[in-house]
Structure formats: structure tokens, C-alpha cells
Amino acid sequence: MMSRDYFEVPHFAWWMLVIGGLSLNWVIAFKGEAFPYEYLPVVGQGLKYLGDNHSLLLQRVFIGALLIHMFEGVYSYFLARRKKLIQSAAMKWCLQSAILGYASLGILWKYEPDSKTT
């Protein structure tokens, strides 16, 4: 039986991938000259090329990703409330989905409350 305070955390790998990916995108798009490309021998040159030649595109991708994550956070709050979760659980889903995006929102989508808890 699921409770009205249902909350689940995605696998740790999602946290590393999403936060790492957004951070890498930000650094290369906005502070590319400060990134130590030489420490990534295989991918470093490709990342340097992107930062040097397509920084505006990377900036737009980063801002777009942030906006999408913010939308996913707000949407997850309303989805959690629609699934009759208590406000504190809905706020957890909101924050987690704003950080992780689909990795969190996908779990909430799959959640089906028991008819006894609605």
C-alpha cells in the first residue's frame, strides 16, 4: 500500500549524470577558457572545439535545459497533488524534478495511488 507521503529517489547515477552534464555544459558555454581540457584526452579536444566555436549554441542549450527543468519541477508539484500526495511530498518531488528532470518525473508518473489512499 502506498502512502500519501510517497517519495522515491532515483538511482545515484542519475544525480551524477544530470548534475555533471549541466555543470559541464555551463562551464564550457560560459567559462570555457577556465576548463582543463587537457585532462580529458579523448573528449577534451571535442569539448574545446564546441566551446571555442559554438559557445552561443551551448549557452542556449544550457538556458533551455534550465527552463525545462524548472517546468518539470512545477509540473511535478501539481502532478503529485493530483495524485493526492501531501504538500511536503509534493514539494520534494518539485525540488527533485527541478534538479533531475525526467529521471525524477518519470518515477512520479508511474506512481499509482491506491484507491484507499485517495
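Placed above this text is the structure.
Small disclaimer: the values here were computed from a predicted structure and weren't measured.

### As for the pattern of salt bridges
No. 1: In this structure the tally under the stated criterion is two salt bridges.
No. 2: With a closest N to O distance of 2.9 Å, Lys-48 and Asp-52 form a salt bridge. With Lys-48 and Asp-52 both in helix H2 (residues 44–53) and four residues apart, the pair spans about one turn of that helix.
No. 3: Among the residues examined, Lys-48 registers a relative accessible area of 32% and is labelled partly exposed.
No. 4: Across the pair Glu-112 and Lys-83 runs a salt bridge whose closest N-O atoms are separated by 4.0 Å. Residue Glu-112 is found in the segment after helix H5 (102–110), and its partner Lys-83 is found in the loop between helix H3 (55–82) and helix H4 (87–100); the two are separated by 29 residues along the sequence.
No. 5: You can call Glu-112 exposed: its relative accessible area is 56%.

### Some words on the packing of aromatic side chains
No. 1: Tallying each qualifying case throughout the model produces ten aromatic pairs.
No. 2: Measuring from ring centre to ring centre gives 5.1 Å for Phe-7 and Trp-93, while their planes differ by 65 degrees; the resulting arrangement is edge-to-face. Of this pair, Phe-7 sits in the segment before helix H1 (12–30) while Trp-93 sits in helix H4, and the two are 86 residues apart along the sequence.
No. 3: Since its relative accessible area comes to 28%, Phe-7 is described here as partly exposed.
No. 4: Since its relative accessible area comes to 0%, Trp-93 is described here as buried.
No. 5: A centroid spacing of 5.5 Å and a plane angle of 85 degrees characterise the contact between Tyr-77 and Phe-78, whose relative ring orientation is edge-to-face.
No. 6: Assessed through its relative accessible area of 18%, Tyr-77 is described here as buried.
No. 7: Three or more aromatic residues joined by ring pairs make a cluster, and in this case those are Tyr-6, Phe-7, Trp-93 and Tyr-111.

### Some points on the nonpolar core
No. 1: Judged by nonpolar contacts, the single largest core of 13 residues is most densely connected at Tyr-6, Ala-80, Leu-85, Trp-93 and Leu-108.
No. 2: Looking at this core, the elements with two or more residues in it are H3, H4 and H5.
No. 3: Of the residues forming this core, the biggest block, four residues, is contributed by H4.
No. 4: Excluding residues that lie within four positions of it along the chain, Leu-85 makes contacts with Ser-3, Arg-4, Tyr-6, Ala-80, Trp-93, Leu-108 and Tyr-111.

How each quantity is defined
Residues numbered from 1 in each chain as written. Predicted model: local features only at pLDDT ≥ 70, side-chain atom pairs only at ≥ 80, totals over all residues. Heavy atoms only, no water. Salt bridge = Lys/Arg side-chain N within 4 Å of Asp/Glu carboxyl O. Helix = DSSP H or I, 4+ residues; strand = E, 2+ residues; numbered from the N terminus. Buried < 20%, exposed > 50% of the residue type's maximum accessible area, 1.4 Å probe, protein only. Phe/Tyr/Trp six-rings, centres within 6.5 Å; stacked < 30°, edge-to-face > 60°. Core = buried A, V, L, I, M, F, W, Y, C linked by side-chain atoms within 4.5 Å. Contact = heavy atoms within 4.5 Å.

Don't take any of this as a statement about function, it's just geometry.
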